[in-house]
Amino acid sequence: THCISSAASDVYKRQYQTHSEFQGIRFANLTQFATVHVYSASGKKIITLEENSGDGGLEWNLIDQWGERIVPGVYLFRVESEGVEQFVGKFDVLD
């Protein structure tokens, strides 16, 4: 699975090299504490993720809130952080 972002400075792809490495995407350049909401192209909420480690990065393994791997397609995301303007972007998941 490959992810391509239209907001490359905020989400970037991480391809895996072996089974032991991370497979998914990383939301980068976040504040120390942020909430990321991911939606399908039709607007269905897929998952809510929390950045609370303080490093400004959040890795997501592409598993939705029901424990299923998301299917290829276009996804929207919304980032919320206290004191920072909300950011909305999109990314594609390719098979």
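Procedures and definitions
Residues numbered from 1 in each chain as written. Predicted model: local features only at pLDDT ≥ 70, side-chain atom pairs only at ≥ 80, totals over all residues. Heavy atoms only, no water. Helix = DSSP H or I, 4+ residues; strand = E, 2+ residues; numbered from the N terminus. Buried < 20%, exposed > 50% of the residue type's maximum accessible area, 1.4 Å probe, protein only. Contact = heavy atoms within 4.5 Å. Salt bridge = Lys/Arg side-chain N within 4 Å of Asp/Glu carboxyl O. Core = buried A, V, L, I, M, F, W, Y, C linked by side-chain atoms within 4.5 Å. Polar contact = N/O pair within 3.5 Å; in protein donor to acceptor, adjacent residues only side chain to side chain. pLDDT = per-residue confidence, 0-100. Pairing = 2+ DSSP bridges.

Peer 1: Would you mind showing me how to read the overall build of the chain here?
Peer 2: A tally of regular secondary structure across the chain gives zero helices and eight strands. The burial tally for the chain puts 37% of its 95 residues in the buried class. The long-range share in the chain, meaning contacts at least 24 apart out of those at least 6 apart in sequence, stands at 43%.

Peer 1: Would you take a moment to explain the pattern of salt bridges for this structure?
Peer 2: Within this structure, the stated rule accounts for three salt bridges. Between aspartate 55 and arginine 26 there is a salt bridge, and its shortest N-O distance comes to 3.9 Å. Separated by 29 residues along the polypeptide, aspartate 55 in the loop between strand 5 (45–51) and strand 6 (58–60) and arginine 26 in strand 3 (residues 24–27) bring together distant segments of the chain. Residues glutamate 80 and arginine 78 are paired through a salt bridge, measuring 3.0 Å at the closest nitrogen-oxygen approach. Arginine 78 gets classed as partly exposed once you look at its relative accessible area, which sits at 22%. Connected via shared salt-bridge partners are Arg26, Asp55 and Glu59.

Peer 1: Which parts of the structure should I look at to understand the nonpolar core?
Peer 2: Within soluble globular proteins, side chains that are nonpolar tend to cluster in buried spots. If you look at the biggest cluster of nonpolar residues, it comprises 18 residues, and the most contacted ones within it are Phe27, Val36, Val38, Leu49, Trp60 and Phe91. Among the elements of the structure, strand 3, strand 4 (34–40), strand 5, strand 6, strand 7 (73–81) and strand 8 (84–94) are those that each provide at least two residues to this core.

Peer 1: Help me out: how do you make sense of the environment of serine 53 in this one?
Peer 2: Within the fold, serine 53 resides in the loop between strand 5 and strand 6. Residue serine 53 is classed as exposed on the basis of its relative accessible area of 54%. Between the C-alpha atom of serine 53 and that of alanine 34, which follows or precedes it by 19 residues, the distance is 9.8 Å. Here the side chain of serine 53 touches aspartate 55 through a polar contact of 3.0 Å, side chain to side chain.

Peer 1: What's the story with the confidence of the model for the chain in this structure? I'm lost.
Peer 2: Residues of the chain with pLDDT of at least 70 account for 77%, and the chain-wide mean is 79. Within the model, the stretch residues 1–20 combines pLDDT values under 50 with 46 contacts to residues more than four positions away or in other chains.

Peer 1: How do you make sense of the pairing of strand 5 when you look at a structure like this?
Peer 2: Every other side chain in a regular strand lies on the same face of the sheet, so the side chains alternate between the two faces. In this structure, strand 4 lies alongside strand 5, joined through six bridges in antiparallel fashion. Across the sheet, residue histidine 37 finds its bridge partner in strand 5, namely threonine 48. Hairpin remark: strand 4 followed by strand 5, antiparallel, with four residues in the connecting loop; positive phi at glycine 43, about 100 degrees.

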